[in-house]
Amino acid sequence: MDNGKYHIRNAVYIPWPTTIETILLNAIELDCQWFILQENEKTIGYINRSTLYKKVKEVGFKKALILPLEELMTKPILNNEGELSSSEKTHNASLLKSEFDKIDSVIDWNIGGRISNHIASDKWILKELETIFYNFFHNILITDGYGNITFATAEDDQQYLGKNVFDLERQKEFYPSVTAKVLSTGKREQGLQYTKSGEVFEIESVPIKDGNGKIVRVISITKDSSEVTELTEKLNEVKNLLISYQQEVMSVQQEHSNKKPFIYSSREMKSLKILIKSVASFDTTVLILGETGVGKEVVANKIHSMSNRNDKPFIAVNCGAIPENLMESELFGYEEGSFSGARKGGKIGVFELANNGTIFLDEIGEMPIHLQVKLLRVLQEKKVKRIGGLQEKPIDLRIIAATNQDLAKKVIEKTFREDLYYRLNVVPVLIPPLRERKEDIEALAFYYLQFFNQKFNKNIEINELMLERLKKYSWPGNVRELQNVVERFVITGQDVFFTVNQPISLVSNEVVMGVNRKFPQLFDFLEKAEQQILLEAKTKSKNTRDMADLLGVNQSTIVRKLKKYNL
């Protein structure tokens, strides 16, 4: 053993004879571990500071003063030259003197062995802990008291070393951060933690505090997440199933839209058909203009069906029918936890659903200014970002917009963005109102007559007098109003549409309940009256909100009724 390596220096010399009181006073004044009792050149013995302290603590200070020194003293074996014989090295301790016969040090022969044993024991304990951690836990992450990451076992977490968990949580690298929660609450926490890549882990975080109760470390452990992983996989399956259902519903809706015919015989609509065919093959933005009910969605669908995207989704969105506070989430979707009441797992928006296909934005003039900015970015960059999301997702779609308002006037009034207007108005398509294309009234009337006869298993006919009166009417509700009038005619079985000098939109009870007429079913009659009121209110309103104000009901009621009667 290297004698100089393991020794205790600064022993104090106390002349013999002495008392415990003298030794205690020296112990209070001096910071040394050994008290050497020596008479002239002869060493009587030595007392260890720890032994002295334990004895005083055991019997009390007063009793310790009367104890015989022999109970505390150990007698060493040494010679005057300071050299130790082989037999002397088997004892617990020995004294060494300098050349001036002063005490140089006290050698504790067992201390080296004890230190070696402790080191070996500690290494084994560390090895055990390491084995436990790596076998029972996925990874360990340690931060300081401010949330800065100082240690991580997982390879994926090495990139976060030196970064702050609060910043990483805001960046959605992992959220909600259980470590950040511990630093906020000051107590042990556990919970599920999501990553930007969509993985889910169960985390348990434990605070380490100093003597003042301040957090100095937080140890976070990822538990065995096989069950969580299984649940995540099932959740992804459900999400994929939901998306497939949504796409199937869109496919059915698209099929239904494709069945809407493009009926015309007028010169104006023939020219419109040529324009539609010429723009359909080019992936450019189209703005359809026209009054309510002229068939803007039919034209939009026709453009889609004649384009290269005809086998991809066609989604129609009525911007005037969606409440303003919900429009952004419907169009762009949102991430989980982005706002109160957000669906678990988030929601995909219609822009993403329409990817590779066509989206038709009807009543675009009703879109709020703050959403016009986001729509402009979709048009320019072909990217969308969900509410609460951090990354933009590239999309490939065609946008067709429509309005019955004067957007140029709205630009002047600062209620519609000028840059968005020019982006949308690349190819304007104007659909003339029905009153300006009288030739189409007959074609449309006979088409809808045949359609509703087949639907209701009827055989109603229209005579020349009826046709003449149909052509003379101004049709403020355009094609949609004509469709409703023909449907009512087929259902009620009347041989006239209206009485002399009475507008069709205000057909009264005397027509339905004439002298020789059979009384209609009350429910059917009320439904028809409701349709007429809605139709007239629609011609006098810009959107569903105006209709609701005019009729004194909620906007949701108007939207539901319009959908019910296909208005």
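In this text, all values refer to a predicted model and were calculated from it rather than measured experimentally.

**Q** Describe the overall build of the protein, naming the residues involved and giving the relevant values.
**A** When its secondary structure is counted, the protein shows 21 helices and 21 strands. A buried classification covers 41% of the 567 residues belonging to the protein. Pairs at least 24 residues apart make up 58% of the contacts formed inside the protein by residues separated by at least 6 positions. Carbon and sulfur atoms provide 52% of the accessible area of the protein, an area that totals close to 32500 Å².

**Q** Which residues make up the packing of helix H8 (residues 267–280) against helix H9 (residues 296–305), and what are the values?
**A** Between H8 and H9, whose axes approach to 8 Å, the crossing angle comes to 45 degrees. What the angle tells us is that H8 and H9 run oblique. You can see that H8 and H9 cross each other, and the crossing is right-handed. In contact with Leu272, Lys273, Ile276 and Ala280 of H8, H9 contributes Val299, Lys302 and Ile303.

**Q** Explain the packing of helix H15 (residues 439–455) against helix H16 (residues 464–472) to me, and be specific about the residues and the numbers.
**A** The N-to-C vectors of H15 and H16 enclose an angle of 125 degrees; their axes lie 9 Å apart at closest approach. Here H15 lies oblique to H16, going by the angle between them. H16 is crossed by H15, and the crossing has right-handed handedness. The segment H15 lies against H16, with Ile441, Glu442, Ala445 and Phe446 engaging Leu467, Leu470 and Lys471. Looking at side-chain class alone, the contact of H15 with H16 contains five nonpolar, no polar and two charged residues.

**Q** Could you give an account of the sheet that holds strand E14 (residues 314–318), naming the residues involved and the relevant values?
**A** In space, the five strands of this open sheet follow the order E14-E17-E20-E13-E21, with parallel pairing throughout. The open sheet terminates on both sides in strands that have one partner only, identified here as E14 and strand E21 (427–430). With direction set aside, neighbouring strand axes in the sheet form an average angle of 20 degrees. The pairing of strand E13 (residues 286–289) with strand E20 (residues 398–403) spans four bridges and is classified as parallel. Among the inter-strand pairings, isoleucine 288 is bridged to a residue of E20, identified as alanine 402.

**Q** Could you give me a rundown of the pairing of strand E4 (residues 42–48), with the residues and numbers involved?
**A** Burial analysis of E4 places six of its seven residues in the buried class, the great majority of the element. Two strands pair when backbone bridges link them, and strand E3 (residues 34–39) and E4 are joined in this way by six bridges, in the antiparallel orientation. For leucine 37, the partnering residue across the bridge sits in E4 and is glycine 45. Linking two consecutive strands that pair antiparallel, namely E3 and E4, is a turn of two residues; a positive phi of about 60 degrees is found at asparagine 40 within it.

**Q** If you had to explain the environment of lysine 561 to someone new, which residues and values would you point to?
**A** As for its placement among the helices and strands, lysine 561 is situated in helix H21 (residues 555–564). The spacing of lysine 561 and leucine 534 is 27 residues in sequence and 8.2 Å in space, taken between C-alpha atoms. Those residues within four positions of lysine 561 in sequence are excluded, and the remaining contacts are Glu530 and Leu534. At 3.1 Å, the side chain of lysine 561 forms a polar contact with the side chain of glutamate 530.

**Q** Help me get a handle on a nonpolar patch on the surface, residues and values and all.
**A** Residues Ile533, Leu550, Leu551 and Val553 make up a contiguous nonpolar surface patch of roughly 320 Å² in combined accessible area. Mapped onto the fold, isoleucine 533 is located in helix H19 (residues 522–539).

**Q** Lay out the sheet that holds strand E8 (residues 149–152) with the relevant residues and their values.
**A** Strand order in the open sheet made by the six strands is E8-E7-E12-E11-E10-E9, with antiparallel pairing throughout. The sheet terminates laterally at E8 and strand E9 (174–175), the two strands that pair on one side only. Relative to strand E12 (residues 215–222), strand E7 (residues 139–144) runs antiparallel, the two sharing six bridges. When the sheet's bridge partners are listed, aspartate 144 is paired in E12 with arginine 217.

**Q** Mind laying out the packing of aromatic side chains, listing which residues take part and the relevant values?
**A** Applying the stated criterion to the full structure yields 12 aromatic pairs. With a centroid separation of 5.2 Å and an interplanar angle of 50 degrees, the aromatic rings of phenylalanine 332 and phenylalanine 351 are classed as tilted. In this pair, phenylalanine 332 is assigned in helix H10 (residues 324–332) and phenylalanine 351 in helix H11 (residues 350–353), connecting sequence segments 19 residues apart. No difference in accessibility class separates phenylalanine 332 from phenylalanine 351, as the two residues are buried.

**Q** Go over helix H20 (residues 544–551), please, and point to the residues and values.
**A** Among the residues of H20, those classed as buried are Thr544, Met547 and Ala548. For H20, the angular spread of buried residues about the axis comes to 100 degrees, placing them on one side. What points out from H20, more than 90 degrees from its buried face, is the exposed set Asp549 and Leu550. Two or three places before arginine 545, at the start of H20, stands the capping residue asparagine 543, its side-chain oxygen 3.0 Å from that residue's backbone nitrogen. Looking one or two residues beyond H20, the residue adopting positive phi is glycine 552, at roughly 70 degrees.

**Q** Can you lay out the pattern of salt bridges for me, pointing to particular residues and giving the numbers?
**A** Tallying each qualifying case throughout the model produces 19 salt bridges. For arginine 545, the salt bridge identified is with glutamate 366, shortest N-O distance 3.6 Å. One end of the pair, arginine 545, is in helix H20; the other, glutamate 366, is in the loop between strand E17 (358–362) and helix H12 (369–381), with 179 residues separating them in the sequence. Under the relative-accessibility criterion, glutamate 366 is labelled buried at 12%. A salt bridge links aspartate 440 to arginine 437, with the nearest nitrogen and oxygen atoms 3.0 Å apart. Here the salt bridges do not stand alone but share partners, grouping Asp283, Arg309 and Asp396 into one network.

**Q** Tell me what's going on with the environment of isoleucine 36, and back it up with residues and numbers.
**A** The residue isoleucine 36 is located in strand E3 in this model. Placed 20 residues apart in sequence, isoleucine 36 and tryptophan 16 show a C-alpha to C-alpha distance of 9.3 Å.

Parameters at a glance
Residues numbered from 1 in each chain as written. Predicted model: local features only at pLDDT ≥ 70, side-chain atom pairs only at ≥ 80, totals over all residues. Heavy atoms only, no water. Helix = DSSP H or I, 4+ residues; strand = E, 2+ residues; numbered from the N terminus. Buried < 20%, exposed > 50% of the residue type's maximum accessible area, 1.4 Å probe, protein only. Contact = heavy atoms within 4.5 Å. Areas by Shrake-Rupley, 256 points an atom, 1.4 Å probe, with all protein chains shown as cover. Axes fitted to C-alpha atoms, helices over the stretch in contact; angles between N-to-C directions. Parallel < 35°, antiparallel > 145°, perpendicular 65-115°, else oblique. Left-handed = near helix turned anticlockwise from the far one by under 90°. Nonpolar A, V, L, I, M, F, W, Y, C, P; charged D, E, K, R; others polar. Pairing = 2+ DSSP bridges. Polar contact = N/O pair within 3.5 Å; in protein donor to acceptor, adjacent residues only side chain to side chain. Patch = residues over 30% accessible without salt bridge, like charges linked within 9 Å, V, L, I, M, F, W, Y side chains within 5 Å. Salt bridge = Lys/Arg side-chain N within 4 Å of Asp/Glu carboxyl O. Phe/Tyr/Trp six-rings, centres within 6.5 Å; stacked < 30°, edge-to-face > 60°. Arc of directions from axis to C-beta.

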